[in-house]
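Geometric and topological summary
This is what each chain is made of:
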Amino acid sequence: MSAPRTARARVRAQLTAEIADVARAHLATDGAAALSLRAVARELGMASSAVYRYFPSRDDLLTTLIVDAYDALGTAAERAEAAVPREDLRGRLHAACGAARDWALAHPHEYSLLYGSPVPGYAAPETTIGPAARVGTLVVAIITDGLASGVLTPLPGVADMLEPRVLADLGLTDDPVRAALTVTAWSGLFGAIGWELHGHTHNIVRDHAAWFRSVVDTHADALGLPRL
């Protein structure tokens, strides 16, 4: 059993969460590029020097917001995908991607922080890589489950678009064609969400939910996921 947190640790955790919550609100009003620790401190009624004890720099605060957003997005997709029977590969993809779209529509400014324009002067550290990969990992898991069960068989042909390290990371070294299609699906699905979120498909697409389902089906067909 882990030791209970001290009162000081609980206060620190609470204040850290409050700072992050105010910073998220500032994303909506000011944008990520204008995020300011001093402005967050003023809203909280704290001295800026006190906030710096929790987040030494703006980049540290941005990293926390980014990791939290990736984790929230990943959790939403994972929970939806877990509710679908394991043999329904296409249904699992629809659930994961649909949940990602729902989360993005409910949290547009956080989604834009993840997949919008880069923040000038900010370089994401390695701590963001794992959280960023959670939805992509779900897509890979669906493919590998299909291959393991025999529902899918490796696609013929050679694809040299991806780095060998990426093939190994995806666990699809023996199926480079499908690995490339997986990366295409991952980027295409998030691209479709971003286009909708940023208004690029408004006045073009009549039913965005139906359109997104068709986009998922297009990638599912390319990946070879069967229809049940």
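All of these numbers come straight from a predicted model, not from anything done at the bench.

Time to look at the domain arrangement of the chain. Bring the parts together and some accessible area is lost; that lost area is often taken as the interface size. Domain annotation for the chain reports domain 1 (1-56) and domain 2 (58-223). Each side of the interface is counted separately: domain 1 has twelve residues, and domain 2 has twelve residues. On inspection of domain 1 and its partner domain 2, the count reaches two salt bridges. Taken together, the connections running from domain 1 to domain 2 amount to one residue pair in polar contact (both at pLDDT 80 or more). Of the residues forming the side of domain 1 that touches domain 2, the biggest block, six residues, is contributed by helix α1 (residues 7-30).

A few words on the UniProt feature "DNA-binding region" (unreviewed entry) in the chain. Per the UniProt annotation, the sites labelled "DNA-binding region" (unreviewed entry) are residues 36-55. When the span residues 36-55 is considered, its composition is 65% helix and 0% strand, and the gap between its end C-alpha atoms is 11 Å.

UniProt annotation of "domain: HTH tetR-type" (unreviewed entry) refers to residues 13-73 when read in the numbering used here. Overall, residues 13-73 shows 77% helix and 0% strand. The separation of its end C-alpha atoms is 22 Å.

One finds Leu-61, Leu-65, Leu-93, Leu-113 and Leu-225 to be the most contacted residues of the largest nonpolar core, which totals 58 residues. In terms of residue count, the dominant contributor to this core is helix α4 (residues 58-82) (eight residues). A domain split of this core shows at least three residues from each of domain 1 (1-56) and domain 2 (58-223). If we ignore the near neighbours within four places in the chain, the residues touching Leu-61 are Ile-19, Ala-20, Ala-23, Leu-35, Leu-37 and Phe-55.

Remark: α1 packs on α4, axes separated minimally by 10 Å, with the N-to-C direction vectors making an angle of 85°. As far as their axial angle goes, α4 and α1 are roughly perpendicular. Across the interface between the two elements, Ile-19, Ala-20, Ala-23, Arg-24 and Leu-27 of α1 pack against Leu-61, Leu-65 and Asp-68 of α4. Looking at the contact of α1 with α4, its residues break down into six nonpolar, no polar and two charged.

What counts, and where the lines are drawn
Residues numbered from 1 in each chain as written. Predicted model: local features only at pLDDT ≥ 70, side-chain atom pairs only at ≥ 80, totals over all residues. Heavy atoms only, no water. Domains from an automatic or database assignment. Contact = heavy atoms within 4.5 Å. Salt bridge = Lys/Arg side-chain N within 4 Å of Asp/Glu carboxyl O. Polar contact = N/O pair within 3.5 Å; in protein donor to acceptor, adjacent residues only side chain to side chain. Helix = DSSP H or I, 4+ residues; strand = E, 2+ residues; numbered from the N terminus. UniProt positions renumbered as here; feature names shortened; annotations may be inferred. Core = buried A, V, L, I, M, F, W, Y, C linked by side-chain atoms within 4.5 Å. Buried < 20%, exposed > 50% of the residue type's maximum accessible area, 1.4 Å probe, protein only. Axes fitted to C-alpha atoms, helices over the stretch in contact; angles between N-to-C directions. Parallel < 35°, antiparallel > 145°, perpendicular 65-115°, else oblique. Nonpolar A, V, L, I, M, F, W, Y, C, P; charged D, E, K, R; others polar.

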